[in-house]
Amino acid sequence: MRILGIFDDHNCGCAVIEDGKILAAIEEERLSRIKFHNGTTEDGPPIRSLKKVLEMTNTSRRNTDYIALAIEPPAKLQRRVLRDLLCVQRHDRWIYHSIFSKSIRWDKYFLFYPYWYNAYRIRQVKRLLKSVDLDGIPIELMNHHEAHAASAYYTSGWEHALVVTLDGQGDGLAGSVYYGINGDLIKVDEVSSFHSIGLFYNFITWMLGYKPNRHEGKITGLAAYGDPQKTIEIYRKFFRMNGAEFQYELSKKVFQHAYPQRSNYDRLLLATNGTFKGFSPADIAAGVQAISEECTTTWVAHHLKKYLAYTGFSSAKVCMAGGVFSNVKINQRVAELPGVESVFIFPAMVDGGLCSGAALWAYYKHCPEAKKYISQMRLPHVYLGPEYTEEEIVQSLKRANLKYEYVENIEDRIGALLAKGKVVARFNGRMEYGPRALGNRSILYQPTDPTVNDWLNKRLKRTEFMPFAPSSLAEDCESLYKRIRNNKFPAEFMTITFDCTPQMHKKCPAVVHVDGTARPQIVYPHINESYYRILKSYQKRTGLSTFVNTSFNMHEEPIVCTPDDAIRAFQLGHLDYLAIHNFLVYSDATKEESTSDS
Ligand SMILES: [Fe+2]
């Protein structure tokens, strides 16, 4: 059974799955070069990723069984939003205020916006499908969080798991809880978007001068430099847990306005009434990180207890998806909860993962007998994007007029260059799906120089507080990262931090954060053989089984996709070498060295 999955909103994308396996998945931003491409705005619908996944998988009307959209049916969404406002909130002043609020977005939201918005989205996707001759194929609609939950559970390879989703908001919800049992996803709880920890984190990101919905990772990195104790009590006045429920105190008591849309940020700032004045950005960041970790772990722990009682198990596996779980520190805290055996975070945990999640949800709905084989469906890798032929690469190199040579054993040469302290951009095979570069679109460097974070980020025109992430040989990972034994699976995808061992602190200071953690990618030969061989070559020369892996992109741009993107970023970033497929490309500076070497 073949299913095309589409997500059309912020960070849109398309995926094709067959019999529960993802054949191809691409976020539109990689092809349009618009970061977090939003298909419902002037960015335009995700036509490029749609055409690309169809082309890559030879999918057409003939072999497509269903089309799955991560869009809630409009009437259902409208009912949910009204129910949450009138029944869940039970706060007269708030409801009254909301109805007569001057916030345009909110007025629309309350009166007709949910219905209108999702109906509009469905119409737009239908037009998109018609343009590629896929109209008339049965369409499956589902809630945003159903797609998030399906993405994590149906790729975990676990028959039994607690499945949690948390994000800013999607289809009226900011989170959900499911029990994954023998292939069934049983819903047990949901979090209304009126109490979204993700949107609260967005607001603080904005307050600190960064772009909400984009720069949250910087706040997570900055947090390690601050003292959470200085600000956490202030945060508790705005956001806290009411038992096991997220509770937006800010909206209820101070602002009486739940939905911190961007249009409300100035008013939210007024509502905080200068309480953050005098605190350093690092302390403000540390506080929001701490309250987010505290609330999320309290919530997961509560549901974990109920799940264990329900199943009779003594420990549980936890699957996670949604933007909040792009926070690698929160993921570490969840993994450390008593009773958690292992965690798995869907590698495209943000909304770029919804196209796959939607398709998976539809597959198990229409093919229930496949639930028997769920343990065989563990996600093997995320190299699910496009790849380019040698001929296409040569054409790009010639167009750019670059000096290059063909190297038979390019992996060994890259290892040698890294050992000499060179910066090498690596472009090889199929592009990664999800926000992390995992060796096929990565910039590599030795892990011994802690100043690399400053100068390389400057060259790439980036500002980051989190150090670069390490790629490490899988066979050595237990000597580098503490308590990684049960969580090697999420570490394949750089989705969680671990405390580093003294050996790591001493030998690889460039990848260890000020709080002593790192977010590794552990590399196996059967998953990415070429990348594994680069690590082996580097290890042979230096004795180190780790190097720096940062995504191959320039400031604020999506990760490179095509050879042309790679060449452009290589030149703008003034990197030493570009190793593209088996070609070693020299920069102006290294061109001279290559002549003197030979
Ligand atoms: Fe989401």
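None of these values were measured; they are calculated from a predicted model. (Residues numbered from 1 in each chain as written. Predicted model: local features only at pLDDT ≥ 70, side-chain atom pairs only at ≥ 80, totals over all residues. Heavy atoms only, no water.)

Peer 1: Help me out: how do you make sense of helix 15 (residues 354-366) in this one?
Peer 2: An α-helix turns once every 3.6 residues. As a result, residues three or four positions apart point the same way. Spanning 13 residues, helix 15 covers 18 Å between terminal C-alpha atoms, matching the ideal 18 Å at 1.5 Å per step. Across the 13 residues of helix 15, 11 count as buried, placing the element largely inside the fold. Residues of helix 15 that are buried: Leu354, Cys355, Ser356, Gly357, Ala358, Ala359, Leu360, Trp361, Ala362, Tyr363 and Tyr364. (Helix = DSSP H or I, 4+ residues; strand = E, 2+ residues; numbered from the N terminus. Expected span 1.5 Å × (residues − 1). Buried < 20%, exposed > 50% of the residue type's maximum accessible area, 1.4 Å probe, protein only.)

Peer 1: Where do I start with the pattern of salt bridges in this structure?
Peer 2: Side-chain pairs of opposite charge can arise where the charged atoms are in close proximity. Per the stated rule, a full pass over the model turns up 37 salt bridges. Glu55 is the salt-bridge partner of Lys52, the closest N and O atoms lying 3.7 Å from each other. With Lys52 and Glu55 both in helix 2 (residues 47-57), this residue pair falls 3 residues apart, about one helical turn. Taken together, the shared-partner salt bridges connect Asp8, Asp9, Arg121 and Asp171 into one network. (Salt bridge = Lys/Arg side-chain N within 4 Å of Asp/Glu carboxyl O.)

Peer 1: Mind showing me how you'd approach the environment of Val334 here?
Peer 2: Relative to the helices and strands, Val334 resides in helix 14 (residues 328-335). For Val334, a relative accessible area of 0% translates into the label buried. The sequence separation of Val334 and Val288 amounts to 46 residues, and the corresponding C-alpha distance is 17 Å. Excluding its chain neighbours within four sequence positions, the residues that come into contact with Val334 are Thr297, Val300, Val318, Met320, Val340 and Val343. (Contact = heavy atoms within 4.5 Å.)

Peer 1: Explanation requested: the sheet that holds strand 19 (residues 521-523) in the structure shown.
Peer 2: Picture the strands of a sheet paired through backbone hydrogen bonds; they go either parallel or antiparallel. What the 8 strands build is an open sheet, ordered 13-22-21-14-15-20-16-19; its pairing is mixed. Looking along the sheet, the strands with just one partner apiece sit at the ends: strand 13 (404-406) and strand 19. Averaged over all pairs of adjacent strands, the angle between strand axes in this sheet comes to 25°, irrespective of strand direction. With 4 bridges joining them, strand 14 (residues 424-427) and strand 21 (residues 577-580) adopt parallel strand pairing. In the strand pairing of strand 21, Arg426 is matched with Ala579. Sitting on the sheet, helix 16 (residues 390-399) touches strand 13, strand 21 and strand 22 (583-586), and the angle it makes with strand 22 is about 15°. (Pairing = 2+ DSSP bridges. Axes fitted to C-alpha atoms, helices over the stretch in contact; angles between N-to-C directions.)

Peer 1: Teacher, can you tell me more about the packing of aromatic side chains here?
Peer 2: Any aromatic ring pair is given by two values, namely how distant the centres are and how the planes are angled relative to each other. If you walk through the whole model with that rule in mind, you get 25 aromatic pairs. With centroids separated by 5.2 Å and ring planes inclined at 90°, the aromatic side chains of Tyr445 and Trp455 adopt a geometry described as edge-to-face. Taken together, the positions of Tyr445 in strand 15 (residues 441-445) and Trp455 in helix 18 (residues 452-459) put the pair 10 residues apart, joining distant regions of the chain. The exposure class of Tyr445 is buried, given its relative accessible area of 5%. When the ring of Tyr531 is compared with that of Phe547, the centres are 5.9 Å apart and the planes differ by 70°; the resulting orientation is edge-to-face. Of this pair, Tyr531 sits in helix 22 (residues 529-542) while Phe547 sits in strand 20 (residues 546-551), and the two are 16 residues apart along the sequence. We classify Tyr531 as buried; its relative accessible area is 1%. The class for Phe547 is buried, based on a relative accessible area of 0%. (Phe/Tyr/Trp six-rings, centres within 6.5 Å; stacked < 30°, edge-to-face > 60°.)

Peer 1: It is not clear to me how unusual backbone geometry should be interpreted in this structure. Could you clarify?
Peer 2: Peptide bonds are, in most cases, trans, and in most cases residues other than glycine have a negative phi. The backbone phi angle of Asp171 is positive, close to 50°, even though this residue is not glycine. Considering the arrangement of structural elements, one finds Asp171 in the loop between strand 6 (160-170) and strand 7 (173-181). Positive phi is not limited to glycine here, since Asn213 has a value of about 70°. One can find Asn213 in the loop between helix 8 (197-207) and helix 9 (216-223). For Asn213, a relative accessible area of 43% gives the class partly exposed.

Peer 1: Honestly, empty space enclosed by the protein in this entry has me stumped. Any pointers?
Peer 2: Going through the model one piece at a time under the given rule, you end up with 2 cavities of 30 Å³ or more. When its volume is computed, the largest cavity comes out at roughly 80 Å³. Considering the residues around the largest cavity, the lining is formed by His381, Val382, Tyr383, Leu438, Glu492, Phe493, Gln521, Ile522, Val523, Tyr524, Ile527 and Asn528. The residue makeup of the lining of the largest cavity, split by class, is 8 nonpolar, 3 polar and 1 charged. The computed volume of the second largest cavity comes to approximately 40 Å³. Met466, Pro467, Phe468, Thr497, Val511, His513, Thr517, Ala518 and Arg519 together form the lining of the second largest cavity. (1 Å grid on protein atoms, 1.4 Å probe; cavity = no way out; pocket = protein on both sides within 12 Å on 5 of 7 lines; lining within 4 Å. Points joined across faces, edges and corners; volume = space filled by probe spheres on them. Nonpolar A, V, L, I, M, F, W, Y, C, P; charged D, E, K, R; others polar.)

Peer 1: Is there a simple way to think about the side chain of Glu293 in this case?
Peer 2: Among the structural elements, Glu293 can be located in helix 13 (residues 281-311). Judged by relative accessible area, Glu293 falls into the buried class, the value being 12%. Excluding its chain neighbours within four sequence positions, the residues that come into contact with Glu293 are Lys329, Ile330 and Arg333.

Peer 1: Could you clarify how one ought to interpret the coordination of the iron ion in this entry?
Peer 2: By definition of the ideal shapes, four donors in a tetrahedron about a metal sit 109.5 degrees apart, and six donors in an octahedron sit 90 or 180 degrees apart. Donor atoms from the polypeptide that coordinate the iron ion comprise His144 (NE2), His148 (NE2), Asp167 (OD) and Asp351 (OD), at 2.1 to 2.3 Å from the metal. If you look at the iron ion, its 4 donor atoms make angles of 89 to 166° with each other, and the shape they trace is irregular. Read N to C, the donor residues that coordinate the iron ion are spaced as H-x3-H-x18-D-x183-D. Taken together, the residues His148 in helix 7 (residues 144-153) and Asp167 in strand 6 connect sequence positions 19 residues apart. The burial state of His148 is the same as that of Asp167; both residues are buried. (Donors = N, O, S within 2.8 Å, 3.2 Å for Na, K, Ca; no water. Tetrahedral: all angles 85-135°; square planar, octahedral: opposite > 155°, others 65-115°.)

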